[in-house]
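Descriptive analysis of the structure
Each chain, letter by letter, is given below.
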Amino acid sequence: MPPMPELVYYVAASEDGFIAGPRGELDWLRTVEVPGEDYGYATFLAGVDGLLMGRVTCEAALSFGPWPYGARPSWVLTRGRGPDGLPASVRCTAASPREVMQQAQARGL
């Protein structure tokens, strides 16, 4: 079996360590946004073979417009049904992160 894929945690967080506001809002990101600046995201994403995210993060990504990750294999961790409108490259699963990493490994990612 190929070696276990590398897992990199990538997140936007406020200076005090929060990802979202108290009600899950992400509007604080607009306060630091510079038009046309991607903060190295395109370069980072170019080196990513697959994604692992929670349902709420997936829903946030969908709210910004078209699926931003292309055809990269993606797993959404959820105990329920995943969001509507996901591309075929996305699998919703109740598996643990370790199990998802083993699935990615089996796919050669």
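Here's what I pulled together on the structure shown here. (Residues numbered from 1 in each chain as written. Predicted model: local features only at pLDDT ≥ 70, side-chain atom pairs only at ≥ 80, totals over all residues. Heavy atoms only, no water.)

**As for unusual backbone geometry**
- Even without being a glycine, Y39 presents a positive backbone phi close to 60°.
- If you trace the backbone, Y39 turns up in the segment before α1 (41-46).
- On the accessibility criterion, Y39 (48% relative accessible area) is partly exposed. (Helix = DSSP H or I, 4+ residues; strand = E, 2+ residues; numbered from the N terminus. Buried < 20%, exposed > 50% of the residue type's maximum accessible area, 1.4 Å probe, protein only.)

**Examining the side chain of T93**
- Note that T93 resides in strand β3 (residues 90-93).
- In terms of polar contacts, T93 uses its side chain to reach the backbone amide nitrogen of A95, at 2.9 Å. (Polar contact = N/O pair within 3.5 Å; in protein donor to acceptor, adjacent residues only side chain to side chain.)

**Let's talk about the environment of L77**
- In this structure, L77 sits in strand β2 (residues 74-77).
- Measuring from C-alpha to C-alpha, the distance between L77 and T57 comes to 9.8 Å, with 20 residues separating the pair along the chain.
- Discounting chain neighbours no more than four positions away, the residues touching L77 are L52, M53, G54, R55, T93, A95, P97 and V100. (Contact = heavy atoms within 4.5 Å.)

**Regarding the state of the cysteines**
- Evaluated as defined, the whole model comprises 0 disulfides.
- The closest cysteine sulfur to the non-disulfide-bonded C58 is located on C92, 6.2 Å from its own sulfur.
- Here C58 falls in the buried class, since its relative accessible area comes to 0%.
- On the basis of relative accessible area, C92 is assigned to the partly exposed category, the value being 33%. (Disulfide = S-S within 2.5 Å.)

**A word on the nonpolar core**
- If you look at the biggest cluster of nonpolar residues, it comprises 10 residues: L45, V48, L51, M53, C58, A61, W67, Y69, V76 and V90.
- The set of elements that each furnish at least two residues to this core consists of β1 (51-54) and α2 (55-63).
- For M53, the residues in contact, after removing those within four places along its chain, are C58, W67, Y69, W75, V76 and L77. (Core = buried A, V, L, I, M, F, W, Y, C linked by side-chain atoms within 4.5 Å.)

**Things to note about the pattern of salt bridges**
- Applying the stated criterion across every chain yields a total of 2 salt bridges.
- In this structure, E59 engages R55 in a salt bridge whose closest nitrogen and oxygen atoms are separated by 2.9 Å. Note that E59 and R55 are positioned in helix α2 at a spacing of 4 residues, about one turn of the helix.
- Across the pair R81 and D84 runs a salt bridge whose closest N-O atoms are separated by 2.9 Å. In terms of burial, R81 and D84 fall into one category: exposed. (Salt bridge = Lys/Arg side-chain N within 4 Å of Asp/Glu carboxyl O.)

**Here's the deal with α2**
- Taken as a whole, α2 has its buried residues at C58, A60 and A61. In a view along the axis of α2, the buried residues occupy a sector of 160°, so they form one face of it. When the buried face of α2 is taken as reference, the exposed residues oriented beyond 90 degrees from it are V56 and S63.
- Considering only its buried residues, α2 is in contact with β1 and β2.
- In the stretch just after α2, G65 is the one whose phi turns positive, near 135°. (Arc of directions from axis to C-beta.)

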